[in-house]
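Read off the chains here:
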Amino acid sequence: MRGDATLPGTAREPHPYLLDVVSVQSQVIYGRVGNNVAVPVLQGGGLSVAAVPTVLLSNTPHYSSVHGGAVPAEWLEGYLYDLGRRGALQRLRAVLVGYLGHPDHAAVLARWISRLQQEMPGLLVVVDPVIGDVDVGTYVAPGLVDAYCRYLLPLATGLTPNGYELAQLTGMPTGRQEEAMAAARQLLGARTRWVAVTSAAPAAWPDGQMGTALVTATESVTLRHARVDCACKGTGDLFAASLTASLLDGIALPDAVSLAGSRVVEVLEQTRAACCNELVLTPGRPLAGIHDIRATTP
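Criteria and cut-off values
Residues numbered from 1 in each chain as written. Predicted model: local features only at pLDDT ≥ 70, side-chain atom pairs only at ≥ 80, totals over all residues. Heavy atoms only, no water. Helix = DSSP H or I, 4+ residues; strand = E, 2+ residues; numbered from the N terminus. Rg over C-alpha atoms; globule rule 2.2 N^0.38 Å. Contact = heavy atoms within 4.5 Å. Areas by Shrake-Rupley, 256 points an atom, 1.4 Å probe, with all protein chains shown as cover. Lys, Arg positive; Asp, Glu negative; His and termini not counted. Charge placed at Lys NZ, Arg CZ, Asp CG, Glu CD. UniProt positions renumbered as here; feature names shortened; annotations may be inferred. Phe/Tyr/Trp six-rings, centres within 6.5 Å; stacked < 30°, edge-to-face > 60°. Buried < 20%, exposed > 50% of the residue type's maximum accessible area, 1.4 Å probe, protein only. Pairing = 2+ DSSP bridges. Axes fitted to C-alpha atoms, helices over the stretch in contact; angles between N-to-C directions. Parallel < 35°, antiparallel > 145°, perpendicular 65-115°, else oblique. Left-handed = near helix turned anticlockwise from the far one by under 90°. Nonpolar A, V, L, I, M, F, W, Y, C, P; charged D, E, K, R; others polar. Polar contact = N/O pair within 3.5 Å; in protein donor to acceptor, adjacent residues only side chain to side chain.

Where an unreviewed UniProt entry is consulted, the protein chain appears under the name pyridoxal kinase, with the organism given as Microvirgula aerodenitrificans.

So, the overall build of the protein chain
The number of helices and strands found in the protein chain is nine helices and eleven strands. Taking 2.2 N^0.38 as the reference for a compact globule, 298 residues should give roughly 19 Å; the C-alpha atoms of the protein chain span a radius of gyration of 20 Å, in line with that estimate. Based on the C-alpha atoms only, the size of the protein chain along its principal axes is roughly 75 × 45 × 40 Å. Excluding contacts between residues fewer than 6 apart, the proportion of contacts in the protein chain whose partners are at least 24 apart in sequence is 68%. Of the roughly 14,100 Å² of accessible surface on the protein chain, 53% is carried by carbon and sulfur atoms. On the protein chain, the mean spot of the 21 positive side-chain charges and the mean spot of the 25 negative ones are 5 Å from each other.

Some thoughts on the UniProt feature "domain: Pyridoxamine kinase/Phosphomethylpyrimidine kinase" (unreviewed entry) in the protein chain
The UniProt record marks residues 92-269 with the feature "domain: Pyridoxamine kinase/Phosphomethylpyrimidine kinase" (unreviewed entry), using the residue numbering of this structure. In residues 92-269, helix accounts for 42% and strand for 19%; the two terminal C-alpha atoms are 33 Å from one another.

Remarks on the packing of aromatic side chains
Throughout the structure, instances matching the rule amount to one aromatic pair. Between the aromatic rings of Tyr30 and Tyr63, the centroid separation amounts to 5.9 Å while the plane-to-plane angle is 70 degrees, which identifies the pairing as edge-to-face. One end of the pair, Tyr30, is in the loop between strand 1 (21-28) and helix 1 (35-44); the other, Tyr63, is in the loop between strand 2 (49-57) and strand 3 (68-70), with 33 residues separating them in the sequence. Exposure remark for Tyr30: the relative accessible area of 40% places this residue in the partly exposed category. Of the residues examined, Tyr63 reaches a relative accessible area of 23% and is grouped as partly exposed.

Points about the environment of Leu223
Relative to the elements of secondary structure, Leu223 occurs in strand 11 (residues 220-226). Put simply, Leu223 and Pro161 are 62 residues apart on the chain and 15 Å apart in space, counted from C-alpha to C-alpha.

So, the sheet that holds strand 5 (residues 124-127)
Remark on secondary structure: sheet strands pair via backbone hydrogen bonds, oriented parallel or antiparallel. Within the open sheet, the nine strands sit side by side as 3-2-1-4-5-8-9-10-11. Their pairing is mixed. Since the sheet does not close on itself, it has two edges, and those belong to strand 3 and strand 11, each with one partner. For strand 8 (residues 158-159) and strand 9 (residues 194-197), the ladder comprises two bridges, and the chain directions are parallel. Counted as the bridge partner of Gly158 is Trp194 from strand 9. Contacting strand 9, strand 10 (209-216) and strand 11, helix 8 (residues 253-274) runs over the sheet at an angle of about 25 degrees to strand 11.

Here we look at the pairing of strand 2
Where burial is concerned, most of strand 2 is hidden: seven out of the nine residues are buried. Pairing of strand 1 with strand 2, which is carried by seven bridges, proceeds in the parallel orientation. By the bridge assignment, Val28 is partnered in strand 2 with Leu57. Direction of pairing for strand 2 relative to strand 3: antiparallel, over a ladder of three bridges. If you follow Leu56 over to strand 3, its bridge partner there is Gly69.

Brief notes about the packing of helix 2 (residues 73-85) against helix 3 (residues 103-119)
Between helix 2 and helix 3, whose axes approach to 9 Å, the crossing angle comes to 20 degrees. If you check the angle between helix 2 and helix 3, you find them roughly parallel. For helix 2 against helix 3, the interelement crossing comes out right-handed. Touching Ala73, Leu76, Glu77 and Leu80 of helix 2 are Asp104, His105, Val108, Leu109, Arg111 and Trp112, all from helix 3. Looking at side-chain class alone, the contact of helix 2 with helix 3 contains six nonpolar, one polar and three charged residues.

Points about helix 5 (residues 163-170)
A large share of helix 5 lies buried, amounting to six of its eight residues. Turning to helix 5, its buried residues number three or more, namely Gly163, Tyr164, Glu165, Leu166, Ala167 and Leu169. Tucked into the core, helix 5 has its buried residues touching strand 6 (132-133), strand 7 (137-138), helix 4 (144-152), helix 6 (177-185) and strand 9. Where helix 5 starts, the residue carrying a side-chain oxygen 3.1 Å from the main-chain nitrogen of Tyr164 turns out to be Asn162. Gly171, located one to two residues past helix 5, shows a positive phi value of around 70 degrees.

What follows is the structure, given as structure tokens:
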């Protein structure tokens with residue numbers, strides 16, 4: 001005999017798949033950057049995630065061949081709109097924004113996030129303003145720095161630029177520790193409560209270590225972690241996703257930043273040991289515990 005759901009008058013509409021996080025950033029066919037890093041990290045923290053691509057590429061452009069390109073802005077807007085139409089955002093807790101393929105993407109995202117914030121005042125919005133790095137310079141489309149500043153930075157709960165990106169966003173020097181802290185404070189605002197600057201002030205790094213500068217309205221601290229000789233792409237994406245997962249798990253901000261740095265170190269060590277050209281993530285591995293932070297971060 002069939003279940004009661006097949007009897008007249010008893011059929012029910014299926015419930016929507018409810019999301020904890022919407023992650024809006026790059027996607028590649030081969031490699032571990034953007035959503036290819038963020039999604040497994042967030043899912044490893046027990047979160048349901050929608051991966052929304054801003055670009056779709058065969059791989060990152062530093063390889064000898066690359067195919068694909070930026071998603072049209074109207075497609076991006078449609079992806080986001082349809083998540084709402086499917087009822088998937090009813091319990092949304094966070095939006096994570098990374099690499100954008102075109103300045104128009106920032107305007108599309110700003111309209112969408114602004115509407116969400118009106119409905120969900122406690123929504124966590126983490127923006128990783130991907131622009132470039134000291135070893136390669138700026139590698140995003142012209143106009144994206146201005147687009148981040150105009151549209152997305154004012155809507156962010158927190159920001160995770162690297163030292164180079166902090167300088168591009170503020171126009172201020174960031175080479176010394178006190179300079180990086182002062183520049184980060186310029187990005188705080190009515191909504192933006194914290195800035196975590198990765199690879200901050202390299203001139204101040206002790207041997208074998210790196211620093212992440214954490215700045216809020218009430219404190220400025222530098223959190224140290226080991227420096228691993230591994231140049232794989234995607235570490236900023238890994239940091240931002242790990243930090244987001246920890247914050248949603250109720251971990252206090254300084255500990256969450258330390259934990260994210262610890263996770264990056266762990267993955268880089270795994271990647272170097274495997275002699276791999278892309279980040280090695282252990283499938284299904286949950287985030288490390290707080291006790292691991294204090295063991296690895298002086």
